[in-house]
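Coordinate analysis (summary)
Listed here are the chains, written in short residue letters.
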Amino acid sequence: MSNHQTGRSFLAALQLADSFFPSGMYAHSHGLESMVARGWVKNADDVAQYLHNLLAWSILPCDGVALVNAHRAARYGDLETLTDIDWHLHAMKLPEEFRLASCHSGRRILDETASLMTCDSGASISADYRQLVLEHATPGTGAVALGVVAHAFDIPADNALLMYCHSFAVGMLGAAQRLLPLTHSEAQRILLSMQEPTTGSAANLNARDWREMTSFSPQADIASMLHSHDDVRMFAS
């Protein structure tokens, strides 16, 4: 890849990972609102621990594995494998709110990028996958959609994975600032503290097959299931 291509893919990664990009991820607290309402998360340290646990035990080994495998399948134009990964990730998300949040984000990513792509093989597989999502032949989960779109924009899989983790963390910290007395400085420190464990774990995911997705976040799952019954909610999940 030339320096020009590398620069363009880097800028595309920044654009997709920015909160300015309308992916819909920032309308979700990923169970945090329910955790705060029940007193399970009370301060910055609790937020940091909750975020760390979700990244380590669910986002990276589940969504992350789906993303890098979706990126690879897109590179080979393998729609059948893409849909298999998509449905598998969808099934791995036990609470309905998490499934809906993931699909909402994935469809927004596909819709918003559809008109931004040039006519090449990457854009073609993205368009074909989006059509399957529109036809409800595949759920269109966020991680799989981002893997497909990242391939179309020549963003390497490992960078796309870090983009996904960054967006997830920023979205949750933004929610935390509205739910708790969490300062911008505290949020930035938490975000920085996630870098080393996230990059360390991400480095080991490229060789993992999509059938090896794992997710273990029982407290977050329970909080999300309870969230749908709360009378007052700021966030969709």
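The structure under discussion appears in the preceding block.
Throughout what follows, the structure given in this document is the object of discussion. Remember, predicted model here, so these are calculated numbers, not experimental data.

Criteria and cut-off values
- Residues numbered from 1 in each chain as written.
- Predicted model: local features only at pLDDT ≥ 70, side-chain atom pairs only at ≥ 80, totals over all residues.
- Heavy atoms only, no water.
- Helix = DSSP H or I, 4+ residues; strand = E, 2+ residues; numbered from the N terminus.
- Rg over C-alpha atoms; globule rule 2.2 N^0.38 Å.
- Buried < 20%, exposed > 50% of the residue type's maximum accessible area, 1.4 Å probe, protein only.
- Contact = heavy atoms within 4.5 Å.
- Areas by Shrake-Rupley, 256 points an atom, 1.4 Å probe, with all protein chains shown as cover.
- Lys, Arg positive; Asp, Glu negative; His and termini not counted.
- Charge placed at Lys NZ, Arg CZ, Asp CG, Glu CD.
- Core = buried A, V, L, I, M, F, W, Y, C linked by side-chain atoms within 4.5 Å.
- Arc of directions from axis to C-beta.
- Salt bridge = Lys/Arg side-chain N within 4 Å of Asp/Glu carboxyl O.

**A closer look at the overall build of the chain**
In terms of regular secondary structure, the chain is built from 11 helices and 0 strands. If you list the helices and strands of the chain from N to C, you get α-α-α-α-α-α-α-α-α-α-α. Its C-alpha atoms give the chain a radius of gyration of 17 Å, within 12% of the compact-globule value 18 Å for 237 residues. Overall, the C-alpha framework of the chain stretches about 50 × 40 × 30 Å when taken along its three principal axes. Across the 237 residues of the chain, 50% fall into the buried class. A separation threshold of at least 6 residues defines the contact pool for the chain, and within that pool the share at least 24 residues apart is 80%. Just so you have it, the chain exposes about 11400 Å², and 54% of that area is on carbon and sulfur atoms. Averaging the coordinates of the 15 positive side-chain charges in the chain and doing the same for the 25 negative ones gives two points 2 Å apart.

**Here we look at the nonpolar core**
One finds Leu32, Leu51, Val144 and Ile190 to be the most contacted residues of the largest nonpolar core, which totals 72 residues. Looking at this core element by element, the count peaks at 17 residues for helix H3 (residues 44-75). Setting aside its immediate chain neighbours within four residues, Ile190 contacts Ala44, Val47, Ala48, Leu51, Leu173 and Leu182.

**Comments concerning helix H11 (residues 218-227)**
An α-helical segment advances 3.6 residues per turn. Residues three or four places apart therefore align on the same side. Along H11, the residues that are buried comprise Ala220, Asp221, Ala223, Ser224 and His227. Considered in projection along H11, the buried side chains sweep an arc of 165° and stay on one side of the axis. Buried positions along H11 lie against helix H2 (32-37), H3 and helix H5 (96-114).

**Observations regarding unusual backbone geometry**
Positive phi values are uncommon outside glycine, yet His30 reaches one of about 55°. Considering the arrangement of structural elements, one finds His30 in the loop between helix H1 (3-17) and H2. Of note in the backbone geometry, His136 takes a positive phi value of approximately 60° without being a glycine.

**Let's talk about the environment of Asp158**
Assignment of secondary structure puts Asp158 in helix H8 (residues 157-179). Classification of Asp158 by relative accessible area gives partly exposed; the value is 40%.

**Concerning the pattern of salt bridges**
Side-chain pairs of opposite charge can arise whenever the charged atoms involved come near each other. One pass over the structure, following the stated rule, counts 4 salt bridges. The shortest N-O distance in the salt bridge between Asp209 and Arg211 comes to 2.9 Å. In this structure Asp209 comes out as partly exposed when scored by relative accessible area, which is 27%. When its relative accessible area of 56% is taken as the criterion, Arg211 is described as exposed.

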